[in-house]
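# Topology and contacts: notes
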Amino acid sequence: MGGVLTGAMLGHAGRDVLLLEAMDYLGGCSGTFERSGHSYNAGATTFVGLDPALPLGYLSRTLGVPLPVKSLDPSLRVHLPDRTIRLFRDRTQLMDELSRAFPEDDHQGLWRRIFRVSDAAWSMILSLPPFPPKSASELLSFLRPGSSLLMRGGPDLLRSGRSVLSRHVKTSSYRNFLDQILLITNQATSEEVPFLSGALGLSYPTLDNYTVLGGMEAALEAFARKIPSVSRKTLVQKIERVGGFFRLQTTRGAFDAQRVIVNRDVWGVADLLDDPTLDRQQEERKVRFRHRWGAVTLHFRIRDLFSGDFELHHQIHHDTNPWTGSRSFFLSLSDPEDDRLSAGGFRSVTISTHTSLSPWEGISREIYREQKEQVSRFILESLNRHLPLFRHAEKGEILTGTPRTFARYTRRTGGTVGGIPLRREFFPLGYPSALSPLPDLYLVGDSTFPGQGWPGVAVGAIGLVRRLEPGLL
Ligand SMILES: Cc1cc2nc3c(=O)[nH]c(=O)nc-3n(C[C@H](O)[C@H](O)[C@H](O)COP(=O)(O)OP(=O)(O)OC[C@H]3O[C@@H](n4cnc5c(N)ncnc54)[C@H](O)[C@@H]3O)c2cc1C
């Protein structure tokens with residue numbers, strides 16, 4: 001995502017860009033893969049923010065990239081053991097739904113507070129200078145939008161989400177409901193997140209949400225058409241400084257470049273270079289950002305017996321899952337109009353849930369296989385309880401992914417995915433950025449900016465391009 005968006009912006013401006021991708025498809029965690037003739041979204045399934053004021057709307061319009069998307073409302077249905085809640089874009093409809101589901105909590109007060117901050121933050125997100133500020137003048141240009149945000153949110157902005165929410169949230173079931181949304185948007189719960197990023201994450205269902213027809217890869221391919229050269233199945237093995245250039249040693253030969261933008265996570269980028277400063281920085285980051293998540297995923301196809309109004313995205317809550325530590329999983333179904341993912345009378349399903357990395361490390365092949373089997377069974381049983389249609393409908397092979405799978409296919413270090421959790425202790429200036437200690441070497445992707453997924457990676461990429469070529473965008 002980061003590499004494609006950066007390449008598209010620079011390619012659109014006429015720069016000589018070459019994108020090197022190890023796999024045979026673009027997108028990494030947001031790609032779409034094929035198995036036995038069927039297509040599945042690897043990880044990312046939700047697409048948000050084509051409003052012109054939001055990052056993807058801005059990029060799609062500025063670069064002239066039409067995207068094959070279909071609008072969704074409600075954006076999500078959440079399943080608790082005894083009720084379901086639809087997250088609508090319309091705020092009155094959302095309040096009515098929440099008041100019905102959680103009658104004891106103060107929704108008006110809470111969401112007024114959330115929207116006051118999130119509306120202000122979304123509206124200024126594209127005018128922010130590159131992150132982090134590098135000079136006094138950049139710092140000053142941060143202060144202007146920062147102070148207007150401060151007027152809206154006051155000292156709550158950097159307080160813990162939990163302390164702000166607790167003024168309005170009375171029941172543990174509502175708190176858990178909000179926490180599970182924060183976990184998918186902020187990678188952390190209300191106790192850990194600052195209210196500012198929490199408000200942005202909680203507001204996401206009320207932004208414009210879409211499904212991408214043709215799989216998430218189709219959105220990446222649309223942006224990639226702006227890149228002059230794309231070389232798939234090209235693994236970068238080493239990056240060396242040779243005179244005034246970088247030489248990239250790859251499985252398809254060597255390439256020289258003036259500037260290199262690496263779309264690897266911050267825990268693995270140094271492995272591509274021989275540089276003690278980068279090595280040291282990477283080791284420090286492994287310690288500093290040790291709270292990181294992996295994912296367990298299930299992919300399968302299912303006979304299309306769904307009614308026309310069956311939502312595409314569902315979050316299903318359950319008791320703590322002993323194999324992942326998580327309390328919910330996210331299920332996405334392909335759209336019936338999607339010719340690629342919904343071919344032959346079937347729909348393509350992607351399920352994902354957070355997992356710690358440690359249960360998947362240092363275990364034998366047998367234990368790994370057994371654990372995969374157990375977690376898959378746990379998720380499917382829970383799914384069948386909440387949505388019995390899934391029990392009865394004909395299904396194809398169930399493919400189970402773990403951090404080992406992400407490490408193997410997307411090359412995420414140790415299988416870490418979803419960026420760095422947004423925690424108060426580092427927010428915002430303690431996070432890594434696109435800058436590296438080496439001149440002309442930059443980073444992009446969800447661990448190089450405090451924000452992940454389409455909106456976070458896009459804002460990080462836009463900031464990098466503005467840093468490299470002021471005035472280009
Ligand atoms: C299970 C799951 C569900 C998610 N759901 C959503 C969602 O619904 N909506 C959303 O917006 N976001 C979602 N996300 C987050 C989103 O997918 C990521 O934040 C985003 O895709 C990260 O992009 P990135 O630029 O960091 O690149 P990555 O996804 O890390 O991709 C990096 C790319 O670089 C390639 N690469 C790595 N090393 C080399 C090398 N040496 N040579 C050549 N190529 C190399 C890889 O093959 C890969 O294609 C989800 C993530 C996961 C894991």
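As a reminder, the structure under discussion sits directly above these lines.
Scope of this entry: the structure provided in the associated data block.

Definitions and cut-offs
- Residues numbered from 1 in each chain as written.
- Predicted model: local features only at pLDDT ≥ 70, side-chain atom pairs only at ≥ 80, totals over all residues.
- Near = placed C-beta within 6 Å.
- Helix = DSSP H or I, 4+ residues; strand = E, 2+ residues; numbered from the N terminus.
- Nonpolar A, V, L, I, M, F, W, Y, C, P; charged D, E, K, R; others polar.
- Domains from an automatic or database assignment.
- Core = buried A, V, L, I, M, F, W, Y, C linked by C-beta atoms within 7 Å.
- Buried ≥ 20, exposed ≤ 12 C-beta atoms within 10 Å, placed from the backbone.
- Contact = placed C-beta atoms within 7 Å.
- Expected span 1.5 Å × (residues − 1).
- Pairing = 2+ DSSP bridges.

### Quick notes on the site of the ligand
Close contacts around the ligand come from 32 residues, with Gly2, Gly28, Gly43, Gly445 and Gly453 the closest. Element by element, the count of residues in the shell around the ligand is highest for helix α14 (residues 453-468), at 3 residues. Among the residues making up the shell around the ligand, the classes are represented as 12 nonpolar, 15 polar and 5 charged. Built from parts of two domains, the shell around the ligand gets at least three residues from each of domain 1 (5-89 + 211-234 + 293-418) and domain 3 (239-274 + 429-473).

### Comments concerning the nonpolar core
Of all hydrophobic cores here, the largest spans 111 residues; its most connected members are Val4, Leu5, Ala458 and Ala461. The element best represented in this core is α14, accounting for 8 residues. Residues within four places of Val4 in sequence aside, it is in contact with Leu19, Leu26, Leu220, Phe223 and Ala224.

### Notes on helix α4 (residues 107-124)
Within an α-helix, residues lying three or four positions from one another point in the same direction, as the helix has 3.6 residues per turn. The end-to-end C-alpha separation of α4 is 25 Å, in line with the 26 Å expected for 18 residues at 1.5 Å each. Of the residues making up α4, those classed as buried are Leu110, Trp111, Arg113, Ile114, Val117, Ser118, Ala120, Ala121 and Trp122. Where α4 is buried, its residues meet α3 (91-101), α5 (136-153), α6 (161-165) and α8 (195-202).

### Here's the deal with the sheet that holds strand β4 (residues 47-48)
Pairing is antiparallel in the open sheet, where 3 strands are placed in the order β4-β8-β5. The open sheet terminates on both sides in strands that have one partner only, identified here as β4 and β5 (69-72). Pairing of β4 with strand β8 (residues 209-212) involves 2 bridges; the strand directions are antiparallel. Paired with Phe47 across the two strands is Tyr210, which belongs to β8.

### Some points on the environment of Gly146
With respect to the helices and strands, the residue Gly146 is situated in helix α5. The class of Gly146 is partly exposed, set by 15 C-beta atoms lying within 10 Å. Taking the C-alpha atoms as reference, Gly146 lies 37 Å from Ile351; in sequence the two are 205 residues apart.

### Description of the pairing of strand β3 (residues 38-41)
The pairing of strand β2 (residues 32-35) with β3 spans 4 bridges and is antiparallel. Bridging across to β3, Phe33 finds its partner in Tyr40. Between β2 and β3, which pair antiparallel one after the other, the connecting turn spans 2 residues, and Ser36 there sits at a positive phi close to 50°.

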